[in-house]
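Reading the structure
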Amino acid sequence: MKQLTASGDELILKSHGAMRQNVDPDLAPRTIPLRRTDVYFSADVETDGPIPGPFSMLSFAIVYAGRYDGERFERPVSYDQVFYRELSPISDEFQIEALKINGLDRNRLVIDGDDPVRAMSDAFIWIKSISEDAYPVLVAYPLSFDWNWLYWYFMKYSNRGSPFDYSRCFDIKTAFAVKSATPIAEAGRSHLPINLASSKKHTHHAIDDAIEQAEIFANIFEWEGINGGNR
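Attention here is on the structure that accompanies the text. (Residues numbered from 1 in each chain as written. Predicted model: local features only at pLDDT ≥ 70, side-chain atom pairs only at ≥ 80, totals over all residues. Heavy atoms only, no water.)

So, the overall build of the protein chain
The helix and strand tally for the protein chain stands at six helices and nine strands. The proportion of buried residues among the 231 residues of the protein chain is 45%. Across the protein chain, every contact between residues at least 6 apart in sequence was considered, and the portion connecting residues at least 24 apart equals 65%. When the accessible surface of the protein chain is totalled, it reaches about 12500 Å², and 52% of it is carbon and sulfur. (Helix = DSSP H or I, 4+ residues; strand = E, 2+ residues; numbered from the N terminus. Buried < 20%, exposed > 50% of the residue type's maximum accessible area, 1.4 Å probe, protein only. Contact = heavy atoms within 4.5 Å. Areas by Shrake-Rupley, 256 points an atom, 1.4 Å probe, with all protein chains shown as cover.)

Structure (structure tokens):
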């Protein structure tokens, strides 16, 4: 967003906490842009249908997946920083096919599932405790499904909204497509070469799949691509 200062003679650009003064260099010195680190969180959700609202998110896991300051990427030594919850359904609608995939007992969750308000508020606090003054960024493969559910649930149920704001997210599928010069339609996990794939199996348990994604994310982030980074 662009804002004029009170005097109207300087243009201040504010983006992600950074500030830069675009003024005539002959009239005033330029300030140095401030940079803040991205802290990545791999997320996986298991649901009883295709969209939030009419259907419910039954479980989700968020795993610390690394950090990047614009110059150096740091992957975790281990993927043991995990937030996981199983939730009480928010509606009576569900699809049998979805339950067959994730294997969750929806009837049990109706009774024992965590309250979405508590779960999403706790998740917000956990994410912020790890990212501190850096920017939390959600990563997934593909991003669209998990982001759709988590953003909706954070905005509806967390008492502080979304820790990822409305757009701090990273699509691993797109990153692989760009670095491998592959069309998006052919950039699914099944197309990953062995050096980029995870050693973990895709089990449809949110913790397992979030860790799997975190490993793939780090592999692709560090990979220079088929052209050695020169596209």
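Once the structure has been displayed, the description carries forward.
A word on the nonpolar core
If you look at the biggest cluster of nonpolar residues, it comprises 29 residues, and the most contacted ones within it are F41, M57, F60, I62, M120, L150 and F154. Breaking this core down by element, the ones donating at least two residues are β4 (38–47), β5 (57–68), α3 (116–131), β8 (135–140) and α4 (143–157). The contact partners of I62, leaving out residues within four places of it in the chain, are F41, S42, A43, Q81, V82, F83, W126, I127 and F154. Among the nonpolar cores identified, the runner-up in size contains 26 residues, and A65, V139, I172 and A177 belong to it. (Core = buried A, V, L, I, M, F, W, Y, C linked by side-chain atoms within 4.5 Å.)

Some details on the environment of L104
You can see L104 is positioned in the loop between α1 (96–102) and α2 (106–112). The spatial distance from the C-alpha of L104 to the C-alpha of E46 is 8.5 Å, given a sequence separation of 58 residues. Apart from the residues lying within four places of it in its own chain, the contact partners of L104 are E46, L58, S59, E86, L99 and L109.

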